[in-house]
Amino acid sequence: RQGDAVALNGLLQRAQDGQDPQTLRLAVELARERGRPAEALALLPKLKIAGGADARWLGEASAELHVLALQQTPTPEALAAIWQSLAPADRRQRPLAEAYVEAAVRLGQMTEAAAALDFALEHAPCERLYRLLPRVLTADQGEARLRQVDRLLAQHGESPMLRYARGALLKQLKRAEVARVYALSALIVPNG
């Protein structure tokens, strides 16, 4: 826990080779703390078999580790491999979808980012996902993306993030005056 890389590597090796639940759980926790999600994820199935953690803890650890792994992914291929390894239900989870979309945008995978965001919004719309809408805009889909935001606004009109997203999209579509109105309306919080 004090950052000794040699000790951590030794612990990870013992965890890979052994079945001790306490060693496995400690190795997972330390790898997570040290920003080594791939190694921690590799140990989760063994920890589950060994009975070193309950299902809730395993689920939370898996989600957190996948978010970390997505954020650290260096290539589009590695990103796709992680994303495809997740179950559809996991891909709908806001933190995982958000991490994937941001990583895909960072790696220039705009089509994949847009598809993942649309999938997540279809199943679990929320403010944090709405803020990503302007980031996945590509030149050929401006009007379609704007119509999507308008549909979401019709359902969730009080959402400041949706109003902001509409303003940002309008700005990208070179409609500055209307964009300003929506950007300002995003700042106004309704009474209640």
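Data block above holds the structure.
A. Spotlight on the overall build of the chain. When helices and strands are counted, the chain shows twelve helices and zero strands. Ordering the α and β elements of the chain from the N terminus gives α-α-α-α-α-α-α-α-α-α-α-α. The C-alpha radius of gyration of the chain comes to 21 Å, more than 25% above the 16 Å expected for a compact globule of 192 residues. With respect to the principal axes defined by its C-alpha atoms, the chain has extents near 65 × 40 × 30 Å. The burial tally for the chain puts 41% of its 192 residues in the buried class. Considering only residue pairs separated by 6 or more positions, the chain has 55% of its internal contacts joining residues 24 or more positions apart.

B. Quick look at the environment of Leu-173. Counting through the fold element by element, Leu-173 comes out in the loop between α11 (160–172) and α12 (176–187). Sequence separation between Leu-173 and Glu-143 is 30 residues; the distance between their C-alpha atoms is 8.3 Å. For Leu-173, the residues in contact, after removing those within four places along its chain, are Gly-142, Glu-143 and Leu-146.

C. Here's a closer look at the nonpolar core. Formed by 55 residues in total, the largest nonpolar core has its most connected members in Leu-44 and Leu-133. Excluding anything up to four places from it in sequence, Leu-133 contacts Leu-117, Leu-121, Arg-145, Gln-148, Val-149, Leu-152, Leu-162, Ala-165 and Leu-169.

D. Focus on the packing of helix α1 (residues 5–17) against helix α3 (residues 37–50). Their axes nearest at 10 Å, the elements α1 and α3 cross at an angle of 30°. When the interaxial angle is binned, α1 and α3 end up roughly parallel. In this structure, α1 meets α3 at a crossing whose hand is left-handed. Residues Leu-12, Ala-15, Gln-16 and Asp-17 of α1 touch α3, and the partners they reach there are Glu-39, Ala-42, Leu-43 and Lys-46. Within the contact of α1 with α3, the residues separate by chemical class into four nonpolar, one polar and three charged.

E. A look at the pattern of salt bridges. Overall, the coordinates contain ten salt bridges when judged by the stated rule. Close ionic contact of Glu-60 with Arg-56 constitutes a salt bridge, the shortest N to O distance being 3.1 Å. Of the two residues, Glu-60 and Arg-56 are both situated in helix α4 (residues 55–72); the distance of four residues between them amounts to about one turn of the helix. Three or more residues joined by partner-sharing salt bridges are found here, namely Arg-94, Glu-98, Glu-102, Arg-128 and Arg-131.

F. Structural view of the side chain of Ser-159. Following the sequence through the fold, Ser-159 ends up in the loop between α10 (142–155) and α11. There is a polar contact of 3.0 Å between the side chain of Ser-159 and the backbone nitrogen of Leu-162. Non-local contacts of Ser-159, meaning those with residues more than four positions away in its chain, are made with Glu-127 and Tyr-130.

G. Representation of α10 in the model. A rise of 1.5 Å per residue sets the reference length of α10, with its 14 residues, at 20 Å; its end C-alpha atoms lie 20 Å apart and thus fit the reference within 8%. Within α10 the residues assigned to the buried category are Gly-142, Arg-145, Leu-146, Gln-148, Val-149, Leu-152 and Leu-153. Across the axial projection of α10, the buried residues extend over an arc of 155°, all falling on one side. Facing away from the buried side of α10 by over 90 degrees, the exposed positions are Arg-151, Ala-154 and Gln-155.

H. Molecular detail of the packing of helix α7 (residues 94–106) against helix α8 (residues 110–123). One can describe the packing of α7 onto α8 by two numbers: an axis separation of 8 Å at closest approach and a directional angle of 165°. For the element pair α7 / α8, the angle class is roughly antiparallel. Crossing geometry of α7 relative to α8 is assigned as left-handed. Between α7 and α8, the contacting residues are Ala-97, Tyr-100, Val-101, Ala-104 and Val-105 on the first element and Met-110, Glu-112, Ala-113, Ala-116, Leu-117 and Ala-120 on the second. Grouping the amino acids of the contact of α7 with α8 by side-chain chemistry returns ten nonpolar, no polar and one charged.

Conventions we followed
Residues numbered from 1 in each chain as written. Predicted model: local features only at pLDDT ≥ 70, side-chain atom pairs only at ≥ 80, totals over all residues. Heavy atoms only, no water. Helix = DSSP H or I, 4+ residues; strand = E, 2+ residues; numbered from the N terminus. Rg over C-alpha atoms; globule rule 2.2 N^0.38 Å. Buried < 20%, exposed > 50% of the residue type's maximum accessible area, 1.4 Å probe, protein only. Contact = heavy atoms within 4.5 Å. Core = buried A, V, L, I, M, F, W, Y, C linked by side-chain atoms within 4.5 Å. Axes fitted to C-alpha atoms, helices over the stretch in contact; angles between N-to-C directions. Parallel < 35°, antiparallel > 145°, perpendicular 65-115°, else oblique. Left-handed = near helix turned anticlockwise from the far one by under 90°. Nonpolar A, V, L, I, M, F, W, Y, C, P; charged D, E, K, R; others polar. Salt bridge = Lys/Arg side-chain N within 4 Å of Asp/Glu carboxyl O. Polar contact = N/O pair within 3.5 Å; in protein donor to acceptor, adjacent residues only side chain to side chain. Expected span 1.5 Å × (residues − 1). Arc of directions from axis to C-beta.

So yeah, pure geometry; function would need other evidence.
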